[in-house]
Amino acid sequence: LELYYDRGNHHEFVSLVKDLARPGEFTQSQTFDFEFTHVEKPYESYTGQNVKLRYFLRATVSRRLNDVVKEMDIVVHTLSTYPELNSSIKMEVGIEDCLHIEFEYNKSKYHLKDVIVGKIYFLLVRIKIKHMEIDIIKRETTGTGPNVYHENDTIAKYEIMDGAPVRGESIPIRLFLAGYELTPTMRDINKKFSVRYYLNLVLIDEEERRYFKQQEVVLWRKGDIVRKSMSHQAAIASQRFEGTSSHPEAKTPSQPAENNGRQ
């Protein structure tokens, strides 16, 4: 684990060492077999603006003058269980006597290939809005105590409306996450850094004033193999959410846990 502001200090959280050969001389090419079994990989590989978490194999040939060292990186992906509780997000925002809107997202937790489905309801519009978009923001936090660094990175800008809405209008949202470079949400990894994601609803009026509301969502990685019955139930739940005028909470079925995986 490397923190860029603390260069030179690497924080090891997993370390396994095996001797492959006794002291001696190499006079010809040789092959050495090795195996690391049941290695705990608690965190996902990550490369950010201020931090890098990496797993790698390092081969060292110790010599009298200088050692020969070669490294090969390994990418580790952490697969999560399907969240049993995944309620929808409903919020009201506005400016007194000028603007009042309600927005709703179908879930609060999304896997990395998921689709964000939602609606924007305009209850009061007395300002001239010309543009509305939804942004995905990644916030990377490193350090502790007084030495805390925050880096915000806008991963996506997705236009959901162009033009002035009227009172009572409803704007649908459908944002596909598969096209963006996202990682799972990471909280207090090795007590060194966190990565969180936010949906930022932005309205811009004709005088270029910006109104926005930010809401955190949780991202997670699931395996490639999904039960057909589960995906079919999820599709039905999505259709039920889109086709109702009331605001039901979208409940998602549970899925068996996955193990940590590697690429």
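Residues numbered from 1 in each chain as written. Predicted model: local features only at pLDDT ≥ 70, side-chain atom pairs only at ≥ 80, totals over all residues. Heavy atoms only, no water.

An unreviewed UniProt entry annotates the protein chain as Vacuolar protein sorting-associated protein 26B of Buceros rhinoceros silvestris. For the protein chain, the Sequence similarities (unreviewed entry) comment in UniProt is given as "Belongs to the VPS26 family." (UniProt positions renumbered as here; feature names shortened; annotations may be inferred.)

**Q** I keep staring at the nonpolar core and nothing clicks. Help me out?
**A** Looking at soluble globular proteins, one finds that nonpolar side chains tend to be buried together. With 43 residues, the main nonpolar core has Y105, I120, F122, M132, F193, L201 and L203 as its most contacted residues. The greatest single-element share of this core, amounting to six residues, is contributed by strand β15 (residues 193-205). (Core = buried A, V, L, I, M, F, W, Y, C linked by side-chain atoms within 4.5 Å. Buried < 20%, exposed > 50% of the residue type's maximum accessible area, 1.4 Å probe, protein only. Helix = DSSP H or I, 4+ residues; strand = E, 2+ residues; numbered from the N terminus.)

**Q** Help me understand the pattern of salt bridges, please; the structure alone is not making it clear to me.
**A** Pairs can form between side chains of opposite charge once their charged atoms are near each other. Scanning all chains against the criterion turns up 13 salt bridges. When salt bridges that share partners are traced, they join E2, R54, R58, E71 and D73 into one network. (Salt bridge = Lys/Arg side-chain N within 4 Å of Asp/Glu carboxyl O.)

**Q** Is there a simple way to think about the sheet that holds strand β10 (residues 115-125) in this case?
**A** Each strand in a sheet pairs with another by means of backbone hydrogen bonds, the pair being arranged parallel or else antiparallel. An order of β7-β8-β10-β13 is seen for the four strands of this open sheet, with the pairing classed as antiparallel. The open sheet has two edge strands with one neighbour each: β7 (89-95) and β13 (170-176). Strand-to-strand twist of the sheet, defined as the mean angle between neighbouring strand axes without regard to direction, takes the value 20°. Examined bridge by bridge, strand β8 (residues 99-105) and β10 share seven bridges and lie antiparallel to one another. When the sheet's bridge partners are listed, I101 is paired in β10 with F122. (Pairing = 2+ DSSP bridges. Axes fitted to C-alpha atoms, helices over the stretch in contact; angles between N-to-C directions.)

**Q** So what exactly am I meant to see when it comes to the packing of aromatic side chains here?
**A** For the structure on display, the rule yields five aromatic pairs. Where F13 meets Y55, the ring centres are 5.5 Å apart and the plane angle is 90°; that geometry is what we call edge-to-face. Pair noted here: F13 is in the loop between β1 (2-3) and β2 (46-47) and Y55 is in strand β4 (residues 55-61), with a separation of 42 residues, a long-range link. Classification of F13 as partly exposed rests on a relative accessible area of 22%. Taken together, a centroid distance of 5.4 Å and an interplanar angle of 50° make the contact between F103 and Y105 tilted. Of the two residues, F103 and Y105, neither departs from the other in class, the shared state being buried. What links up through ring pairs into an aromatic cluster is the set F13, Y43 and Y55. In this arrangement the basic side chain of K18 is found over the ring face of F36, its NZ or CZ atom lying 5.3 Å from the centre. For the cation-ring pair, R139 lies above Y198, with the distance from its terminal atom to the ring centre recorded as 4.5 Å. (Phe/Tyr/Trp six-rings, centres within 6.5 Å; stacked < 30°, edge-to-face > 60°. Lys NZ or Arg CZ within 6 Å of the ring centre and 35° of its normal.)

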